[in-house]
Amino acid sequence: MAATTTSGSMNQYSTAVAGGTTPSDLFIRDVPDWTDKLQRTDVPLQKMFGSEGPPSMPMLKAEWGWGSPDPYSTTITEAIVGAGDTTITVADGSYFQVGDRFLIDSEELRCTGISGNDLTVTRGYAGTTAAAHSDNAAVYIMGPAVVESADDADSPFTQGEVDFNYHQIMSFTWSLSARADKVPTYEHRNANRFNAELKKKMEYTAPVRLELTYLLGQRALGTASSPSAMGGLRQSSYITTRNNLSSAILTETDLMDGLQTVHDRVGPSLMPDTVVCSPLTKRIISSWYNDTRRSDMSDDKAKVNWTSVETDFGTIKLVSHYLMSTVANDKLYVINPKDFKKRPLATGFGWNTGEYATQGWHRRGYLRYDGTLLAPYCDARLEIYGYSTTKADYSGLS
């Protein structure tokens, strides 16, 4: 820097500022306090999800399956107009066997023959009245009524289902020259920036990126030139009941109706027990019940948040997730967190770190992972999405 000469009164401002008189290189900078980080990097889903050891035989596709009972309901796909119609068409004729009694509206019918999805039936069975039925009317199968001494008919045979996820390689790197590693900065006063960056990648970067994958990811098989990718909560087959509110406000009835649908599917033993949602959605849910709070003259603090809700379908814990404020503010998930399992591809494929061999005077490190997320029990989950996130729409928030 060349010397500078000026006349007149000097001021405290740098020459980089209009009217400044002191060269910026002459200022002594002082940053005595350095905060490690200000932004959140916690990962609620990873803390709640379970873990599973590597499989005995590593494969790109991780699979799981479950058995299914024989169905007991379907619909008709053509309206039944006349009371004398004895052939009806259903959505799936394989659900029936000859002799089955079933109910459409208030009329009971009995199946006497099956051809694909067309059933030959006895109308107005068991004293009921034959009547017209609209297209898509529900059909409830009560089971066979067998004529004495008749041969047994073939019954439906329902086999189980399989779902899957793919493994995903995640890799984070950093590179510093030998000088950069040793020269201190305000952020790294003791130098050793290589290990400091490793810590940042391990504790902050990788966990948050994996958390977003669990929230937003959809699986992909991959090719030789395109990577395989794991799916998360957005994967369509991982949650059976997904209710779109189409910009309407979220109400207690919406949540209870969704829980009832899941309860009707899986029963009390598999019911989900945790709502995961944005902080705004948790405030909306709390606002449903705040009017029930009571205080007296001895109270010296107010409580406006609820951490759980007792329902007819069990106790539901409320967990707010800060990342959902930006990536899924109009969504809530009701899950059993321990049903999800984090699993590496094979032994030694969990998170690991190391250093590349280099030819120059520099260091290059890596943090790697190859794993997936197991997500069985799709029927035991609920997503509600598409609701209004305008606070003025909610009387308890406005």
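Only a predicted model underlies this, so the values are computations on that prediction, with no experimental measurement involved. (Residues numbered from 1 in each chain as written. Predicted model: local features only at pLDDT ≥ 70, side-chain atom pairs only at ≥ 80, totals over all residues. Heavy atoms only, no water.)

## A word on the overall build of the chain
The number of helices and strands found in the chain is 6 helices and 19 strands. Relative to a compact globule of 398 residues, whose C-alpha radius of gyration would be 21 Å, the chain shows 32 Å and is clearly more extended. Across the 398 residues that make up the chain, the buried fraction comes to 39%. Taking contacts inside the chain between residues at least 6 apart in sequence as the whole, the part at least 24 apart equals 70%. Here the chain has roughly 23100 Å² of accessible surface; of this, 50% comes from carbon and sulfur atoms. (Helix = DSSP H or I, 4+ residues; strand = E, 2+ residues; numbered from the N terminus. Rg over C-alpha atoms; globule rule 2.2 N^0.38 Å. Buried < 20%, exposed > 50% of the residue type's maximum accessible area, 1.4 Å probe, protein only. Contact = heavy atoms within 4.5 Å. Areas by Shrake-Rupley, 256 points an atom, 1.4 Å probe, with all protein chains shown as cover.)

## So, the environment of T173
Counting through the fold element by element, T173 comes out in strand β10 (residues 168-177). Judged by its relative accessible area of 32%, T173 falls in the partly exposed class. A sequence separation of 34 residues divides T173 from P207, and the C-alpha atoms of the two residues are 15 Å apart. Non-local contacts of T173, meaning those with residues more than four positions away in its chain, are made with K201, Y356, R364, G365 and Y366.

## Details of the pattern of salt bridges
Enumeration according to the criterion identifies 11 salt bridges in this entry. Measuring nitrogen to oxygen at the nearest pair gives 2.4 Å for the salt bridge that ties E108 to R101. What makes E108 buried here is its relative accessible area of 7%. Accessibility expressed as a relative area gives 29% for R101, which makes it partly exposed. Notably, a salt bridge pairs E187 with K200, separated by 3.7 Å at the nearest N-O pair. Of this pair, E187 sits in the loop between α2 (178-182) and α3 (193-216) while K200 sits in helix α3; the two residues are 13 residues apart in sequence, bridging distant segments of the chain. (Salt bridge = Lys/Arg side-chain N within 4 Å of Asp/Glu carboxyl O.)

## Regarding the nonpolar core
Here is a general trend for soluble globular proteins: nonpolar side chains tend to be buried in one another's company. With 34 residues, the main nonpolar core has L45, F49, Y214, L233 and F340 as its most contacted residues. If you list the elements that add at least two residues to this core, you get α1 (44-48), β2 (61-66), β10, α3, β15 (331-335) and β18 (362-374). It is α3 that contributes the most residues to this core, 7 residues altogether. Contacts of L45, omitting those with residues within four sequence positions, involve E211, Y214, L215, L233, V276 and H321. Of all hydrophobic cores here, the second largest spans 27 residues; its members include V262, I284, Y289 and F313. (Core = buried A, V, L, I, M, F, W, Y, C linked by side-chain atoms within 4.5 Å.)

## Let's talk about helix α4 (residues 252-266)
For α4, spanning 15 residues, the distance from its first C-alpha to its last is 21 Å, which sits close to the expected 21 Å at 1.5 Å a residue. Buried residues of α4: L255, M256, G258, L259, V262 and V266, and no others. What you see down the axis of α4 is that its buried residues fit within an arc of 160°, all on one side. Elements in contact with the buried residues of α4: β11 (241-244), α5 (279-289), β13 (308-311), β14 (314-320), β15 and β19 (382-385). In the segment just after α4, G267 is the residue with positive phi, at about 80°. (Expected span 1.5 Å × (residues − 1). Arc of directions from axis to C-beta.)

## Some thoughts on the pairing of β15
A large share of β15 lies buried, amounting to 5 of its 5 residues. Alternating residues of β15 divide into K331, Y333 and I335 and L332 and V334, and every residue in both groups is buried. Where strand β12 (residues 274-277) lies against β15, 4 bridges are found, and the strand directions are antiparallel. What sits directly across from V276, in β15, is Y333. Direction of pairing for β15 relative to β19: antiparallel, over a ladder of 4 bridges. Across the sheet, the residue bridging to Y333 is E383, located in β19. (Pairing = 2+ DSSP bridges.)

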